[in-house]
Amino acid sequence: MSVRGSRGGRGIALGVAAALTAGAAVAQQTSAEVRGGWMAGNHTSTEAGLDWVPEFSYEIRVGRQVRPGITLAAGYVRTAFGCEEGFCRGSEPTVIGNHAALGAELSRGALWARIGVLYGAIGVGTEGEAPQAGLGVEAGAGIRIRVGRLRFGPGVSWRRMSANTSSRADHAVALGIDLGVGLDLD
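Residues numbered from 1 in each chain as written. Predicted model: local features only at pLDDT ≥ 70, side-chain atom pairs only at ≥ 80, totals over all residues. Heavy atoms only, no water.

> Report on the nonpolar core, specifying residues and quantitative values.
Grouped together as the largest cluster of nonpolar side chains are 11 residues: Met39, Val77, Phe81, Val95, Ala101, Leu118, Ile122, Met161, Ala163, Ala172 and Ala174. Of all elements in the fold, only β3 (70-82), β4 (94-108), β5 (111-124) and β9 (171-184) reach the threshold of two or more residues within this core. Filtering out sequence-adjacent residues up to four positions away, Val95 remains in contact with His43, Thr79, Ala80, Phe81, Ile122, Gly123 and Val124. (Core = buried A, V, L, I, M, F, W, Y, C linked by side-chain atoms within 4.5 Å. Buried < 20%, exposed > 50% of the residue type's maximum accessible area, 1.4 Å probe, protein only. Helix = DSSP H or I, 4+ residues; strand = E, 2+ residues; numbered from the N terminus. Contact = heavy atoms within 4.5 Å.)

> Now, about a nonpolar patch on the surface: what can you tell me, with residues and values included?
Together, Val62, Leu111, Ile143, Ile145, Val147, Leu150, Phe152, Val181, Leu183 and Leu185 give the surface a local cluster of nonpolar side chains, amounting to about 830 Å² of exposed area. Counting only elements with at least two residues in the nonpolar patch, the list comes to β7 (145-147), β8 (150-162) and β9. Turning to its location among the elements, Ile145 is positioned in strand β7. What makes Ile145 partly exposed here is its relative accessible area of 42%. (Patch = residues over 30% accessible without salt bridge, like charges linked within 9 Å, V, L, I, M, F, W, Y side chains within 5 Å. Areas by Shrake-Rupley, 256 points an atom, 1.4 Å probe, with all protein chains shown as cover. Salt bridge = Lys/Arg side-chain N within 4 Å of Asp/Glu carboxyl O.)

> How would you sum up the pattern of salt bridges? Please name residues and give values.
Opposite charge on two side chains permits pairing when their charged atoms draw close. This model, assessed by the stated rule, comprises 12 salt bridges. Glu138 is paired through a salt bridge with Arg159; the nearest N and O atoms lie 3.8 Å apart. With Glu138 in strand β6 (residues 134-143) and Arg159 in strand β8, this pair connects stretches of sequence that are 21 residues apart. Accessibility assignment for this pair places Glu138 and Arg159 in one class, buried. Arg146 is the partner of Asp184 in a salt bridge, and the nearest nitrogen-oxygen pair spans 3.2 Å. Here Asp184, found in strand β9, pairs with Arg146, found in strand β7; they are 38 residues apart in sequence, far enough to count as distant.

> Tell me what's going on with the side chain of Ser162, and back it up with residues and numbers.
By the element assignment, Ser162 lies in strand β8. Within the local environment of Ser162, its side chain forms a polar contact with the side chain of Asn164, the two groups lying 3.2 Å apart. What Ser162 contacts, discounting residues up to four positions off in sequence, is Ile122, Gly134, Leu135, Asp170 and His171. (Polar contact = N/O pair within 3.5 Å; in protein donor to acceptor, adjacent residues only side chain to side chain.)

> Report on the side chain of Glu59, specifying residues and quantitative values.
Within the secondary structure, Glu59 is located in strand β2 (residues 51-67). Of note is the side chain of Glu59, whose polar atom sits 2.6 Å from the side chain of Arg159.

> Tell me about the packing of aromatic side chains, and name the residues and values.
If you walk through the whole model with that rule in mind, you get 3 aromatic pairs. Plain terms: the ring middles of Tyr58 and Tyr76 are 6.0 Å apart, the flat faces sit at 50° to each other, and that makes the pair tilted. Placement of the pair is Tyr58 in strand β2 and Tyr76 in strand β3, with a sequence separation of 18 residues. A relative accessible area of 28% means that Tyr58 is categorised as partly exposed. Within the aromatic cluster, the residues linked to one another by ring pairs are Trp38, Phe56, Tyr58 and Tyr76. (Phe/Tyr/Trp six-rings, centres within 6.5 Å; stacked < 30°, edge-to-face > 60°.)

> Kindly report on the pairing of β6, identifying the contributing residues and their values.
Because side chains alternate across β6, one face comprises the buried residues Gly134, Gly136, Glu138, Gly140 and Gly142, and the other comprises Leu135, Val137, Ala139, Ala141 and Ile143, none of which is buried. Alignment of β5 against β6, held across 10 bridges, turns out to be antiparallel. When the sheet's bridge partners are listed, Arg114 is paired in β6 with Gly140. Alignment of β6 against β8, held across 7 bridges, turns out to be antiparallel. Note on β8: the bridge partner recorded for Val137 is Arg160. (Pairing = 2+ DSSP bridges.)

So this is what it looks like as structure tokens:
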């Protein structure tokens, strides 16, 4: 009995073809992106309210598309903003946060939106108590233009981060605008 004429042979051939096709489709779904821009925000321990003193912030993420229009992403997020009001008067420190990020991105055409969780620490300047690592949340949206494997475009973001110390429970909130450049890796 020949493989060509048998049902089992056709099933195996179709299975191999499906596996090869699925592998090729999955290979096109991994991407990396770097976004950078300006953020402003507030840190509750400074008693400053929302302080519009922007500082440069950036993020680096790697994403994997799990369904059409849905991508899971992980990476590193650096959030920075200045402070001039409240307890910041006179010293004007920079608030800096370093976080691991994990989230999901929804996209439709050129539009995208992201939600996720953050884990890390955020502190004010170099004085005072050391910040403790904690959870935070983030959201973002923007436009992405694709040119071959390259993609770029503007976005906006919002982050709420834990800013706890051993003696006080605080948080920080930041708003930003940025520009991203990404690449489809395979």
